[in-house]
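# Close look at the chain arrangement
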Amino acid sequence: MGLFSSKPDMKKGDMVYAWTADQEIAKKAECGGAVTTLLKYALEHKMVDAVLVVKRGSDVYDAVPTLVTDPKDLKDTAGSLHCGTVLMANVLQKRLKGAKNMKIGMTVKGCDLMALAELAKRKEVNRDNLFLVGVNCGGTVSPIMARYMIKEKYGVDPDLVHKEEIDKGQFIIEYEGGHKGISIDELEDEGFGRRSNCRRCLYKVPRQADLACGNWGVIGDKAGKATFVEVCSDKGADLLSRAVKAGVLHSEAPVPKGIEMRQKVEGAMLKLGEKWRKKDFAKLGKDPWGMINKETSRCIKCYSCIENCPVCFPLAGAELKKSYAIAPGQVPPNPMFHLRRLSHISDSCVNCGQCEELCPMEISLALFSHAIRAEADIAFAPKLGKSDYSN
Ligand code: FAD
Ligand code: SF4
Ligand code: SF4
């Protein structure tokens, strides 16, 4: 891996601290505004036809996927929404025809990347038409949980919160009259905090994207003011080099201690993910069939888990709803409804959590499919690269 210093051209493996020259983006950005600036540059210079990002809607719990075609509008999409659980890969496939007819730049988390890979295998998205700017991801909090947690644990009216952030292991809120931070460990020990699939996630730095951006490792006078960017592809190297040369993005070599810290934090997050896997999967070990039966007995057969899964969505199609094994009009459906879904995704579940997040009956669906996938990964791990089984 090389460090970029004064050389203008970058290559895969290079790492930089980068910060925007655009004051409007700087005001709204989470760190250095590199993500928004790079996407803006790509759109202005017709490297992409449109940009898919998320934008704050009515409040901090409302992350709205947005397609931007006017570069001036991108400034409104800067900033991180930690209660934004939308799977960008699904938006691309379902709303934008999988980028088959246009080039799209988009912000992605690890689960988006894994979902895009599964969708590309199924010819649902055209990866060649995508420019992917990845953001490191420590996890997201479901909007419903966030409101509940802020009311119960923080003792604050969730409607008064105007900003949230995750910093140094704390979930911090700013509200009319003050601010409060509580450590994520404490929150999660008490049943609050990140979505269960995020706790188990082992994809923290999105190296399958063209660029991987985050705040880990930015120390010294640039702390909080620059974005740590790792170049992950030739396409990413080209965009970053051009934006820096054009003067829209400033950059400097990262502090070596910062690189070390970033690696350490990534390692600690992976260990934490392994810890949660052990803890969650152990719940199944006692009586898996009993647990699956008990949980799914609440099912109202709304098909949300299937429609929102980036792997088993075809089962929601009219043809496949006419199943041999599943009698129509039966609620709760017989166990084959769930077994069919589980077998369909057994070696492909990306642990995005959409099934569980969007289930109106709050069934622990992601736990079942993720446990099966994780076992397959352990079996195949020696034959695969790490990035193939980091779900
Ligand atoms: P900006 O220029 O402010 O752009 C941010 C981009 O992220 C925008 O395109 C925006 O639309 C998009 N975005 C915002 N919220 C979401 C969302 N929920 N889903 C998808 N896209 C979104 N970095 C770390 O180093 N460690 C972490 O643990 C970490 N956790 C994160 C968790 C989440 C949920 C998110 C969204 C980001 C996380 N990041 C983390 C990345 C960090 O917060 C910044 O996004 C990154 O450093 C880029 O900063 P920037 O100023 O260049 O981004
Ligand atoms: Fe982030 Fe992983 Fe959760 Fe996706 S599953 S939101 S990448 S922590
Ligand atoms: Fe049943 Fe929940 Fe799936 Fe709806 S989302 S079909 S209620 S398991």
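Right, let's walk through the structure included here. (Residues numbered from 1 in each chain as written. Chains lettered and ligands numbered in written order. Predicted model: local features only at pLDDT ≥ 70, side-chain atom pairs only at ≥ 80, totals over all residues. Heavy atoms only, no water.)

## So, the packing of aromatic side chains
Here is the rule: Ring pairs shown here join Phe, Tyr and Trp side chains whose ring centres sit within 6.5 Å, with only the six-membered ring taken for Trp; geometry is labelled stacked below 30 degrees between planes, edge-to-face above 60, and tilted in between. Secondary structure elements are defined from DSSP: runs of H or I of at least 4 residues count as helices, runs of E of at least 2 residues count as strands, and each element is numbered from the N terminus. In this scheme, a residue with accessible area under 20% of its type's maximum is buried, one over 50% is exposed, and one in between is partly exposed, where area comes from a 1.4 Å probe on protein chains only.
In this structure the tally under the stated criterion is four aromatic pairs. Between Y148 and F192, the aromatic rings sit 5.9 Å apart at their centres with planes inclined by 45 degrees, giving tilted as the arrangement. With Y148 in helix 5 (residues 143–152) and F192 in the loop between helix 6 (184–189) and helix 7 (196–200), the pair connects residues that are 44 residues apart, well separated along the chain. Exposure remark for Y148: the relative accessible area of 48% places this residue in the partly exposed category. Relative to F337, the ring of Y303 has its centre 5.3 Å away and its plane inclined at 90 degrees; by these criteria the two rings are edge-to-face.

## Quick word on the sheet that holds strand 8 (residues 178–183)
Rules: We call two strands paired when DSSP finds no fewer than two bridges between them. Note on geometry: axes are lines fitted to C-alpha atoms, helical ones only across the stretch in contact, with angles between N-to-C directions running from 0 to 180 degrees.
Pairing is antiparallel across the open sheet formed by three strands, whose spatial order is 6-7-8. Looking along the sheet, the strands with just one partner apiece sit at the ends: strand 6 (161–167) and strand 8. Each adjacent strand pair in this sheet contributes to an overall mean axis angle of 15 degrees, direction not counted. As paired strands, strand 6 and strand 7 (residues 170–175) are joined by six bridges and run antiparallel to one another. Counterpart to K163 in the pairing with strand 7 is E174.

## Looking at the packing of helix 2 (residues 34–44) against helix 8 (residues 234–245)
When two helices pack together, their arrangement is captured by the angle between the axes and the distance separating the axes. Rules: These descriptions rest on fixed angle ranges, namely under 35 degrees for roughly parallel, over 145 for roughly antiparallel, 65 to 115 for roughly perpendicular, and the rest for oblique. Contacts: residue pairs with any heavy atoms within 4.5 Å of one another. In this classification, the charged set is Asp, Glu, Lys and Arg, the nonpolar set is Ala, Val, Leu, Ile, Met, Phe, Trp, Tyr, Cys and Pro, and all remaining amino acids, among them Gly, are polar.
Contact pair helix 2 / helix 8: the axes reach a minimum separation of 10 Å and the direction vectors enclose 90 degrees. Accordingly, the angle class assigned to the pair helix 2 and helix 8 is roughly perpendicular. Residues L38, Y41 and A42 of helix 2 form the contact with helix 8, whose participating residues are L239, L240, R242 and A243. For the contact of helix 2 with helix 8, a count of residues per class yields six nonpolar, no polar and one charged.

## A closer look at helix 8
To keep things clear, this is the line we draw: Expected helix span is taken as 1.5 Å per residue step, with the number of steps being one fewer than the number of residues. Think of a polar contact as two N or O atoms within 3.5 Å of one another; within protein, one of them needs to be a possible hydrogen donor and the other a possible acceptor, and neighboring residues in sequence only count if both atoms come from side chains.
Helix length check: helix 8, at twelve residues, gives a terminal C-alpha distance of 16 Å against a target of 16 Å (1.5 Å per residue), a fit within 8%. Of all the positions in helix 8, only G236, A237, L239, L240, S241, A243 and V244 are classed as buried. Buried residues belonging to helix 8 abut strand 1 (15–20), helix 2, strand 5 (130–135), strand 9 (211–214), strand 10 (227–231) and strand 11 (249–252). The backbone nitrogen of K235 has a side-chain oxygen 3.3 Å away, supplied by the residue at the start of helix 8, namely S233. Of the residues trailing helix 8, G247 is marked for its positive phi of about 85 degrees.

## Some remarks on the site of ligand 2
Quick note on the threshold: We call a residue near a given molecule or strand whenever any one of its heavy atoms falls within 4 Å of it.
In the neighbourhood of ligand 2, the contacting residues comprise K109, G110, C111, C137, G139, T140, R195, N197, C198, C201, K204 and N351. Counting only elements with at least two residues in the shell around ligand 2, the list comes to helix 4 (110–121) and helix 7. Residue composition of the shell around ligand 2, by class: four nonpolar, five polar and three charged.

## Things to note about the side chain of T77
In this fold, T77 is placed in the loop between strand 3 (63–68) and helix 3 (88–95). Within the structure, the side chain of T77 is placed 2.7 Å from the backbone oxygen of L74, a separation counted as a polar contact. Discounting chain neighbours no more than four positions away, the residues touching T77 are T36, V53, V54, K55 and V68.

## What to know about the pairing of strand 4 (residues 104–108)
Using the following cut-off: Seen with its strands pointing away from the viewer, a crossover is right-handed if its path from the first strand over the helix to the second goes clockwise.
With respect to burial, strand 4 is a largely interior element, five of its five residues being buried. Neither face of strand 4 is exposed, since I104, M106 and V108 on one face and G105 and T107 on the opposite face are all buried. Sheet topology places strand 4 next to strand 5; five bridges connect them, and they run parallel. What sits directly across from M106, in strand 5, is L132. Crossover strand 4 to strand 5 through helix 4 is right-handed.

## Things to note about the nonpolar core
General note: in soluble globular proteins, nonpolar side chains tend to be found buried as a group. Quick note on the threshold: Only buried Ala, Val, Leu, Ile, Met, Phe, Trp, Tyr and Cys residues count toward a nonpolar core, and they belong to the same one when joined by side-chain atoms within 4.5 Å.
Core analysis: the largest hydrophobic core is formed by 28 residues, its most contacted members being L38, L211, V229, L239, L240 and L249. Only strand 1, helix 2, strand 2 (50–56), strand 5, strand 9, strand 10 and helix 8 provide two or more residues apiece to this core. Here the element with the most residues in this core is helix 2; it accounts for seven residues. Once you skip the residues sitting within four places of it in the chain, L38 turns out to touch L211, L239, L240, A243 and L249.

## Some details on the layout of surface pockets
Keep this limit in mind: Definitions used throughout: a 1 Å grid over protein atoms alone; a cavity as a set of points that fits a 1.4 Å probe which cannot get out; a pocket as an open set with protein on both sides within 12 Å along at least five of seven lines; a lining residue as one with an atom within 4 Å of a point. Grid points are joined across faces, edges and corners, and a volume is the space filled by probe spheres set on the points.
Its volume calculated, the second largest pocket comes out at about 890 Å³. In terms of lining, the second largest pocket is formed by 31 residues, of which the most central are M145, R195, S196, E356 and E362. Elements that contribute at least two residues to the lining of the second largest pocket include exactly helix 5, helix 6, helix 7, helix 9 (256–286), helix 10 (288–296) and helix 14 (354–357). In the lining of the second largest pocket, the residues fall into eleven nonpolar, seven polar and 13 charged.

So far we have only geometry, and geometry alone does not tell us how the molecule works.
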